[in-house]
4 protein chains.
Amino acid sequence: MRKRKLLPTTRLEAFSDGVLAVIITIMVLELKVPHKDGLPGLLSIAPIFFVYFLSFAFIAIYWVNHHSLIQRIDECDHRVLYANLSFLFASSLLPFFTAYVIEKHSDSFSVALYAASMIFTALSFLLLRLSVGRLLKQSGKLNVEDTATQRKHVTSMVIYIAAIPLAHYHPYIALGMITMTTVIWIVPTIGLTSHPDEFP
Amino acid sequence: MRKRKLLPTTRLEAFSDGVLAVIITIMVLELKVPHKDGLPGLLSIAPIFFVYFLSFAFIAIYWVNHHSLIQRIDECDHRVLYANLSFLFASSLLPFFTAYVIEKHSDSFSVALYAASMIFTALSFLLLRLSVGRLLKQSGKLNVEDTATQRKHVTSMVIYIAAIPLAHYHPYIALGMITMTTVIWIVPTIGLTSHPDEFP
Amino acid sequence: MRKRKLLPTTRLEAFSDGVLAVIITIMVLELKVPHKDGLPGLLSIAPIFFVYFLSFAFIAIYWVNHHSLIQRIDECDHRVLYANLSFLFASSLLPFFTAYVIEKHSDSFSVALYAASMIFTALSFLLLRLSVGRLLKQSGKLNVEDTATQRKHVTSMVIYIAAIPLAHYHPYIALGMITMTTVIWIVPTIGLTSHPDEFP
Amino acid sequence: MRKRKLLPTTRLEAFSDGVLAVIITIMVLELKVPHKDGLPGLLSIAPIFFVYFLSFAFIAIYWVNHHSLIQRIDECDHRVLYANLSFLFASSLLPFFTAYVIEKHSDSFSVALYAASMIFTALSFLLLRLSVGRLLKQSGKLNVEDTATQRKHVTSMVIYIAAIPLAHYHPYIALGMITMTTVIWIVPTIGLTSHPDEFP
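What you see is a predicted model, and the numbers here were worked out from it, not measured in a lab.

Conventions and cut-offs
Residues numbered from 1 in each chain as written. Chains lettered and ligands numbered in written order. Predicted model: local features only at pLDDT ≥ 70, side-chain atom pairs only at ≥ 80, totals over all residues. Heavy atoms only, no water. Salt bridge = Lys/Arg side-chain N within 4 Å of Asp/Glu carboxyl O. Helix = DSSP H or I, 4+ residues; strand = E, 2+ residues; numbered from the N terminus. Buried < 20%, exposed > 50% of the residue type's maximum accessible area, 1.4 Å probe, protein only. Contact = heavy atoms within 4.5 Å. Buried area = accessible area lost by both parts, 1.4 Å probe. Polar contact = N/O pair within 3.5 Å; in protein donor to acceptor, adjacent residues only side chain to side chain. Nonpolar A, V, L, I, M, F, W, Y, C, P; charged D, E, K, R; others polar. Phe/Tyr/Trp six-rings, centres within 6.5 Å; stacked < 30°, edge-to-face > 60°. Core = buried A, V, L, I, M, F, W, Y, C linked by side-chain atoms within 4.5 Å. Least-squares fit on C-alpha atoms with pLDDT ≥ 70 in both.

Caption draft 1: Spotlight on the pattern of salt bridges. Taken as a whole, this structure holds 12 salt bridges over all chains when the rule is applied. A salt bridge links Arg-11 of chain A to Asp-17 of chain B, with the shortest nitrogen-to-oxygen separation between them at 2.8 Å. One end of the pair, Arg-11 of chain A, is in helix α1 (residues 10–26); the other, Asp-17 of chain B, is in helix α1 (residues 10–26), on a second chain. For the pair Arg-11 of chain A and Asp-17 of chain B, one class covers both residues: buried. Two residues, Asp-77 of chain C and Arg-134 of chain C, come together in a salt bridge whose shortest N-O distance is 3.6 Å. A residue pair is termed long-range when its members are at least 10 positions apart, and Asp-77 of chain C in the loop between β2 (75–76) and α4 (78–92) and Arg-134 of chain C in helix α6 (residues 108–138) qualify at 57 residues.

Listed below in structure tokens is the structure:
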């Protein structure tokens, strides 16, 4: 009877692609043309530009992992739909917290919020993974979790959590740690390993 | 001859996903970074944040129900297309009425408008359900309406209508009722029952 | 050899759905919450609301016709892709000319511009129809043009053109004519006939 | 073992369509209704309008080439996904640099930046082509590069690079060169040749 309730994942994918595409693109509206002319004007917005890049990369990596995760199932139940919607909700807050960091000039509180927002997204993605895993078990498919991915998972979560108190004293170092985590997720996926890593 | 005019639902789904994705995401632009620094600043926008969450959940639930509803048909006629467009039109007003509630600090009139906008969306979704039902009958497929869903349907419509006059005296209680309705729609879908509920 | 160059229409459809979805939805950002409180505030934005509705209906009707038109072909050449992009470009200007009418309080010039923008969109859609027709002829499929549709086509084009000079003397009557044309396109499609009408 | 990691290109296409659709459409938000009434007001924004058209055409041409490029493969690896994301990132900056040119009234520095942004997009698209080419070679499919396309490729890159120093002395001529390059890419694709050209 439950089988009857399963829905194909096509619309989950299409809707997620749409929401993530809007999220990743409207952040560019935060980039305001500087009043100063010439190169000094451009340089004055370099930090803003950097935060934009960081947020773009963050959503991009999640999109890659969302792609890999949903790829494993052909159909989903309502639990997966709602877990996915909570992931999209968490992601939709990133443009806001990106604007927060930009408008508060990367002060301690805004960087801590930014890290907290990333943890919130990570937790909602974990929820999605669990609900997909539950479905895989139900359908009898083996859900082999890559231990390397899991270690990465835990590591980046720890770094995000560590970034919150650190932001109080050294916001830029906290921001640097968040950056590093992002880079670590991209690099080995392309260069060293060939398996679809999953972001925290 | 009519058969020839039926169109596959793929583009209806893609367009609806696109419009709902934009609606659900541009609402985040209403979240403005507070002038106040630190925690007091963040706390000052907590009510705004809550209204954003409510509107997000509202569209998210409709998306789930839209998904379940359109899933039942493979092809549609122009009547379904236009009923769907009227549903999208009603939904597209939600960001505006969300901004209304936020900018008017949840005053009586704005909360009443917010509830009215939800009734408008509910009615347009009903129109869509009727046109899909008509198509199912034409093609000879039985359209068994779940009585539990219908009861839920009527209940939430009644709550929305009751919220309008109530908003005049107690806007926050009216907002609470709208919230409760939203929560009721999400919870049993995940936890208790396994059938795809349909939102009012 | 030319065959090799034909591309499936899936991405043309997906991209058009995306662009039209964004166009139809960002227009809601033109709806600004009025400063006045209560009902007088809401009534003060009624004309703006009406123009928003008109533009939404305009894009919605085009989407229906775009859907019906592209439905006729499975593959397309670069000519169709570029004709489609010119249609999307013309449509993308509608939010701007809608804002124009709203901010200029439906003065003569802005209404004339609005009508001109609709003619521009109509012409670009005609271009798209011609390029699709060309492809249908090449592949040997009969391209039977419905004479009723063609008559409707010419009629609405004439009304739009007539609206431009009329806007100089009576902008509201010109706006009324544009509204009527929109309504005429929607009504018979649902009620009387069963063929997919094509909007100018 | 690597085979197992290949993903179908459907979501890459859907996400790219979504992001490019948002990029191409939010640029219209840069078109501000002029304060002046009537024709003088409209004429005063003609240069802005022209830059909007240029940016729209730029993204549109890239979309056509992205379509043709991804069409060649059915599955992709993570390298292609990340190359595609870097292309989307480069494209996402165009609305910002378009706003830059508009707000700085096409001064030397903003036009040079605009050209630089186009070069950055061209390079990221080259990266995408290389990663797709690598995949085609791996799967043993011949990757015949059209020499005419390659010549066009190099030519437009040279023009963009030349536009940067030229913008210092004659920003309008530099803008004209960028326009010409765009036009050259559109015209022969429709008129003369029948092969899917690839933009720089």
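Caption draft 2: The interface of chain B and chain A, seen in detail. The partner chain A presents 32 residues to the 43 residues of chain B that form the contact. Taken together, the two surfaces of chain B and chain A that pack against each other cover about 3,400 Å², and 75% of this comes from carbon and sulfur. Where chain B packs against chain A, one counts 2 salt bridges. For the salt bridge of Lys-104 of chain A with Asp-37 of chain B, the shortest nitrogen-to-oxygen distance reads 3.0 Å. Counting across the chain B and chain A interface gives 7 residue pairs in polar contact (both at pLDDT 80 or more). Of all the secondary-structure elements, those providing two or more residues to the side of chain B that touches chain A are α1, α2 (38–44), α3 (46–71) and α8 (171–190) of chain B. It is α3 of chain B that provides the largest number of residues to the side of chain B that touches chain A, a total of 13 residues. In the side of chain B that touches chain A, the residues fall into 25 nonpolar, 12 polar and 6 charged.

Caption draft 3: Summary view of the packing of aromatic side chains. Counted under the stated rule, the structure contains 56 aromatic pairs over all chains. Ring centres of Phe-15 of chain B and Trp-63 of chain C lie 4.5 Å apart, and the angle between their planes is 20 degrees; this geometry places the pair in the stacked category. With Phe-15 of chain B in helix α1 and Trp-63 of chain C in helix α3 (residues 46–71), the pair connects residues from two separate chains. Given a relative accessible area of 0%, Trp-63 of chain C falls into the buried group. Between Phe-58 of chain C and Tyr-160 of chain C, the aromatic rings sit 6.4 Å apart at their centres with planes inclined by 65 degrees, giving edge-to-face as the arrangement. One end of the pair, Phe-58 of chain C, is in helix α3; the other, Tyr-160 of chain C, is in helix α7 (residues 147–169), and 102 residues separate them in sequence.

Caption draft 4: Seen up close, the nonpolar core. Ranked by internal contacts, the top residues of the largest apolar core, which has 272 residues, are Tyr-114 of chain A, Tyr-114 of chain B, Tyr-114 of chain C together with Tyr-114 of chain D. Once you skip the residues sitting within four places of it in the chain, Tyr-114 of chain C turns out to touch Val-51, Leu-54, Ser-55, Leu-94, Phe-97, Thr-98, Val-101, Leu-175 and Ile-178 of chain C.

Caption draft 5: Representation of the interface of chain C and chain D. With 32 residues of chain C in contact, the opposing surface of chain D contributes 43 residues. Summed over both sides, the interface of chain C with chain D buries roughly 3,400 Å², with 75% coming from carbon and sulfur. Of all residues in chain C, the largest losses of buried area upon contact with chain D belong to Arg-11, Phe-15 and Tyr-82 of chain C, amounting jointly to 25% of the total for that side. Linking chain C with chain D are 2 salt bridges, by the criterion used here. Put simply, chain C and chain D have 7 residue pairs in polar contact (both at pLDDT 80 or more) between them. Listed by contribution, the elements that provide at least two residues to the side of chain C that touches chain D are β1 (7–8), α1 (10–26), α4, α5 (94–103) and α6 of chain C.

Caption draft 6: Region of the structure containing the environment of Asn-65 of chain D. Residue and element names in this part refer to chain D. Locating Asn-65 in the fold gives a position in helix α3 (residues 46–71). With a relative accessible area of 1%, Asn-65 lands in the buried category. Along the primary structure Asn-65 and Phe-125 are separated by 60 residues, whereas in three dimensions their C-alpha atoms are 9.4 Å apart.

Caption draft 7: Just the environment of His-105 of chain A, in detail. Mapped onto the elements of the fold, His-105 of chain A is located in the loop between α5 (94–103) and α6 (108–138). With relative accessibility at 64%, the residue His-105 of chain A sits in the exposed group.

Caption draft 8: Layout of unusual backbone geometry. Phi is positive for His-105 of chain B, which is not a glycine, with a value near 50 degrees. Not every positive phi belongs to a glycine, and Ser-106 of chain C is a case in point at roughly 55 degrees. Here Ser-106 of chain C is to be found in the loop between α5 and α6.

Caption draft 9: Spatial organisation of the relation of the copies chain C and chain D. When chain C is fitted to chain D, the best match, at an RMSD of 0.0 Å, comes from turning it 90 degrees and sliding it 0.0 Å along the axis. This pairing of chains is accounted for by a four-fold axis. Distance from the rotation axis, computed per C-alpha, reaches its smallest value in chain C at Gly-18 of chain C: 4.1 Å. A distinct binding surface is used by each copy, with only 3% of the interface residues of chain C retained as interface residues in chain D.

The values are spatial; any link to function lies outside them.
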